[in-house]
Amino acid sequence: MKSGAAWPMAIVGVLGLTVAANVFLWRAANAPGANDPEPDYYHRALAWDSTQAARVRSASLGWRAQAALGLGQTGREELHVTITGRDGAPVAGAAVEVLGVHNLDPGHPERWTLVEQPDGRYAVPVHLRHTGRWELRVNATRGDERFESIEHAEALREGTHTQGAGGMD
């Protein structure tokens, strides 16, 4: 092999790597679910002012939410939400709904209606399509009081779910 023959092969190799990387990126961008937008993002953006006002009203209630994904007493996966008042006592008698959005599949959110449990928590059996971090948008209504919170929880693998950090983002 001549001493100058390596340069053309190196250039061809670099160009081949560039083409392979572009094909990989093109396939990843066109994979099912890769272009799913945030659910109802346009209407949510239009309602930004009312969303901020709702957050202020929620904060004035002094309620806190804590969400967790885990195995329930029946051995099935459950979503648990604990809502406490300013005094730290559970908020009873609320209608609680949660919208769950996973990063991998934001175009297919899950909506759950939770049932109040004797211990003051709200729970519902779930079947999660994805492991990983879930954004849980909690809405609780009791009479004229309306509380909204965004929580996060990890669904790692069956039997090892964790509780997420609370607070509105």
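Undergrad: Please provide a residue-by-residue account of the overall build of the chain, values included.
TA: Broken down by element type, the chain carries three helices and seven strands. Counting helices and strands in the order they occur from the N terminus, the chain gives α-α-α-β-β-β-β-β-β-β. Pairs at least 24 apart in sequence give 53% of the contacts found in the chain among residues at least 6 apart. Accessible surface for the chain amounts to roughly 10,900 Å². Of this, 58% is attributable to carbon and sulfur atoms.

Undergrad: Outline the sheet that holds strand β5 (residues 122–125), supporting the account with residue identities and numerical values.
TA: Backbone-to-backbone hydrogen bonds join strands into a sheet, with any given pair of strands oriented parallel or antiparallel. Taken in spatial order, the seven strands line up as β1-β2-β5-β4-β3-β6-β7 in an open sheet, and their pairing is antiparallel. Of all the strands in the sheet, just β1 (64–71) and β7 (145–155) have a single pairing partner and so form its edges. If you compare each strand with its neighbour and ignore which way they point, the axes differ by 25° on average. As judged from the eight bridges shared by strand β3 (residues 95–102) and strand β6 (residues 132–142), these two strands associate in the antiparallel manner. Note on β6: the bridge partner recorded for His-102 is Trp-134.

Undergrad: I'd like a description of the pairing of β5, backed by residues and values.
TA: Bridging between strand β2 (residues 77–84) and β5 involves four bridges; their strand directions are antiparallel. Counterpart to Leu-79 in the pairing with β5 is Val-124. Between strand β4 (residues 110–116) and β5, which pair antiparallel and follow one another directly, the connecting turn spans five residues, one of which, Gly-120, has a positive phi of 95°.

Undergrad: Describe the packing of aromatic side chains, and please don't skip the residues or the numbers.
TA: For the structure on display, the rule yields two aromatic pairs. Relative to Phe-147, the ring of Trp-63 has its centre 5.8 Å away and its plane inclined at 50°; by these criteria the two rings are tilted. Of this pair, Trp-63 sits in the loop between α3 (48–61) and β1 while Phe-147 sits in strand β7, and the two are 84 residues apart along the sequence. Grouping residues by exposure puts Trp-63 and Phe-147 together as buried. Seen from their ring centres, Trp-112 and Trp-134 are 6.1 Å apart, and the 55° between their planes marks the pair as tilted. Within this pair, whereas Trp-112 is found in strand β4, its partner Trp-134 is found in strand β6, the two being separated by 22 residues in sequence. Exposure remark for Trp-134: the relative accessible area of 1% places this residue in the buried category.

Conventions and cut-offs
- Residues numbered from 1 in each chain as written.
- Predicted model: local features only at pLDDT ≥ 70, side-chain atom pairs only at ≥ 80, totals over all residues.
- Heavy atoms only, no water.
- Helix = DSSP H or I, 4+ residues; strand = E, 2+ residues; numbered from the N terminus.
- Contact = heavy atoms within 4.5 Å.
- Areas by Shrake-Rupley, 256 points an atom, 1.4 Å probe, with all protein chains shown as cover.
- Pairing = 2+ DSSP bridges.
- Axes fitted to C-alpha atoms, helices over the stretch in contact; angles between N-to-C directions.
- Phe/Tyr/Trp six-rings, centres within 6.5 Å; stacked < 30°, edge-to-face > 60°.
- Buried < 20%, exposed > 50% of the residue type's maximum accessible area, 1.4 Å probe, protein only.

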